Amino acid sequence: GVTQVRVVRMTVSEGVQTLYHTNPLAQLGVIIYGFGSFNSYGYPGGIGVQVIEETNPIGLTVTGEAEDSAQVVWYQPILGPGETLIGYLVSVFEVISENNLVLVDQYTTMDTSVTVENLEPFTSYSLSVEAQTQGGSGEPIPITSVSVTTLEAAPSAAPQNVRVTATTTVSLTFAWDPPPDGTQNGVIRRYDATVTEVATSTLIGTYEVTEQELTVNSLQAYTNYHISVSAYTVGSGPAATGEFHTAEDVPSAAPQITSFQIISPYMATATWQPPPADQQNGAIDYVAVLTQPQTSTSEEFTTTDTSFNITGLLPFTEYLFRVAARTSAGVGPYTQEVLFKTPEDVPSSAPLSVTASSV
């Protein structure tokens, strides 16, 4: 075939010179001649050439990167005799591994640049360009390939599996897993979390943590809390949520006895109000204690109701009654004792050893 040659003559002075070659698709040759006068040339002189390394010395260059796009430019190749340029084919490959490239898109253009769109954030691609020709050999002219990694973006999915790993009466330790692979869209630099009390919507706090765990203290016993957590790369992604409650504690207040009635010499009835809701500290039932001071004996009863029928009493006898709320953590404070005495009753049997004497 015929080789196209373009010759440029330059006059240079003695010493080290740098030549900049603006079209890396064409080969560059350098010949140096020394001369004594303008019409007297000598033999080619010695030359030492040092290659200046370029990022992409063969013409395909990335000029712009975004989260979902990249722009590349290249030089028009030198065509052979009879060849006509009819366009460029740009192929986009996702780099799965060093030896595994997957074709994801192709573009055709007459320009020497193209913006490749619909890419995934923070993903490596290989872009290749070849010139399409007609006439001459008709073979495509490869312009080479270039690697590009798109910019980071906010995660497109929320953290997974939000859970509680440790619970006390006053603290919760939350944990979670990162967003799934392929949705993180960058390097996760931190997690943003918000914790609120469910019943009152009170904000407990906002937190920035680099680990996949958060412990929140100074909470209320047996109280529901809501957590919202999102991953942050260059922005926050969707939030994952969960609702959890602290452990039970013993009740911190006593019930309030509202009514106490002696029904008969053998039965009495007590009624009470539960402790305030914010002092129950768990799911409660009640423990009632009946004491007979004369004999120093006590009986204990449990009930889930807020009233209790005290049966099996003895007539004309003093008793003490008290009641407390109880959770799985233990028994809370008791009410003040109620002192009561059952009424008299008719004798339950006739007198014994009755004797008579004459008057």
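Structure's up top.
Moving on: the overall build of the chain. From N to C terminus, the chain includes zero helices and 24 strands. Scored against the burial criterion, the 359 residues of the chain give a buried share of 31%. Contacts in the chain between residues far apart in sequence, at least 24 positions, make up 60% of those at least 6 positions apart. Roughly 22300 Å² of accessible area belongs to the chain as shown, and the carbon and sulfur atoms make up 49% of that amount.

Volume-wise, the second largest pocket comes out at about 170 Å³. Residue lining of the second largest pocket: E197, Q220, A221, Y222, T223, A277, D278, Q280, N281 and G282, and that is the complete set. Looking at the lining of the second largest pocket, its residues break down into three nonpolar, five polar and two charged.

For the rest of this paragraph, the subject is the sheet that holds strand 3 (residues 61-65). Taken together, three strands build an open sheet; the order of strands is 3-4-7 and the sheet is antiparallel. Where the open sheet ends on each side, the last strands, each with one partner, are strand 3 and strand 7 (113-116). Between one strand and the next, the sheet's axes are offset by a mean angle of 20 degrees, whatever the strand orientation. Where strand 4 (residues 70-73) and strand 7 come together, four bridges link them in antiparallel fashion. Of the residues in strand 7, the one forming a bridge with A70 is V116.

A separate point is the pairing of strand 10 (residues 160-167). The side chains of a regular strand alternate, residue by residue, between the two faces of the sheet. The pairing of strand 10 with strand 11 (residues 172-177) spans five bridges and is classified as antiparallel. Considered in strand 11, the bridge of Q160 is made with D177. Count of turn residues in the strand 10/strand 11 antiparallel hairpin: four residues.

All told, the structure shown has five salt bridges when counted by the stated rule. When the shortest N-O distance is used, the salt bridge between E208 and R190 registers 3.8 Å. Of this pair, E208 sits in strand 13 (residues 203-209) while R190 is found in strand 12 (residues 190-197), placing the two residues 18 residues apart along the sequence. The class of E208 is exposed, set by a relative accessible area of 58%. A salt bridge links R326 to D285, with the nearest nitrogen and oxygen atoms 2.8 Å apart.

W74 and L127 are the most contacted members of the largest nonpolar core, which totals 21 residues. Of all the secondary-structure elements, those providing two or more residues to this core are strand 4, strand 5 (84-97), strand 7, strand 8 (124-134) and strand 9 (141-149). Discounting chain neighbours no more than four positions away, the residues touching L127 are L60, V72, S91, V92, V116, T144, S145, V146 and V148. By size, the runner-up hydrophobic cluster in this structure holds 18 residues, among which are A158, V195, L214 and V229.

Here four strands make up an open sheet; going across it, the order is 13-12-15-16 and the pairing antiparallel. Both outer strands of the open sheet, strand 13 and strand 16 (236-245), are each paired with one neighbouring strand and no more. For this sheet, the mean angle separating the axes of adjacent strands, direction not counted, is 15 degrees. One ladder, built from eight bridges, connects strand 15 (residues 224-232) with strand 16; its direction is antiparallel. Note on strand 16: the bridge partner recorded for S228 is T241.

All right, on to a negative patch on the surface then. On the surface, a cluster of negative charge is made up of E67, D68, E117 and E120. Within the fold, E120 resides in the loop between strand 7 and strand 8.

A separate point is the packing of aromatic side chains. This structure, assessed with the given rule, holds eight aromatic pairs. Ring centres of F260 and F321 lie 5.8 Å apart, and the angle between their planes is 50 degrees; this geometry places the pair in the tilted category. Here F321 lies in strand 22 (residues 318-327) and F260 lies in strand 17 (residues 256-264), a separation of 61 residues in the sequence. Note on F321: relative accessible area 1%, which makes it buried. With a centroid separation of 4.8 Å and an interplanar angle of 50 degrees, the aromatic rings of F260 and F340 are classed as tilted. With F260 in strand 17 and F340 in strand 24 (residues 338-341), this residue pair connects regions lying 80 residues apart in the sequence. On the basis of relative accessibility, which here comes to 22%, the residue F260 falls in the partly exposed class. Among the residues examined, F340 registers a relative accessible area of 5% and is labelled buried. In textbook terms, an aromatic cluster arises when at least three aromatic residues are bridged by ring pairs, as seen for F260, Y319, F321 and F340.

Thresholds, definitions, all that
Residues numbered from 1 in each chain as written. Predicted model: local features only at pLDDT ≥ 70, side-chain atom pairs only at ≥ 80, totals over all residues. Heavy atoms only, no water. Helix = DSSP H or I, 4+ residues; strand = E, 2+ residues; numbered from the N terminus. Buried < 20%, exposed > 50% of the residue type's maximum accessible area, 1.4 Å probe, protein only. Contact = heavy atoms within 4.5 Å. Areas by Shrake-Rupley, 256 points an atom, 1.4 Å probe, with all protein chains shown as cover. 1 Å grid on protein atoms, 1.4 Å probe; cavity = no way out; pocket = protein on both sides within 12 Å on 5 of 7 lines; lining within 4 Å. Points joined across faces, edges and corners; volume = space filled by probe spheres on them. Nonpolar A, V, L, I, M, F, W, Y, C, P; charged D, E, K, R; others polar. Pairing = 2+ DSSP bridges. Axes fitted to C-alpha atoms, helices over the stretch in contact; angles between N-to-C directions. Salt bridge = Lys/Arg side-chain N within 4 Å of Asp/Glu carboxyl O. Core = buried A, V, L, I, M, F, W, Y, C linked by side-chain atoms within 4.5 Å. Patch = residues over 30% accessible without salt bridge, like charges linked within 9 Å, V, L, I, M, F, W, Y side chains within 5 Å. Lys, Arg positive; Asp, Glu negative; His and termini not counted. Charge placed at Lys NZ, Arg CZ, Asp CG, Glu CD. Phe/Tyr/Trp six-rings, centres within 6.5 Å; stacked < 30°, edge-to-face > 60°.

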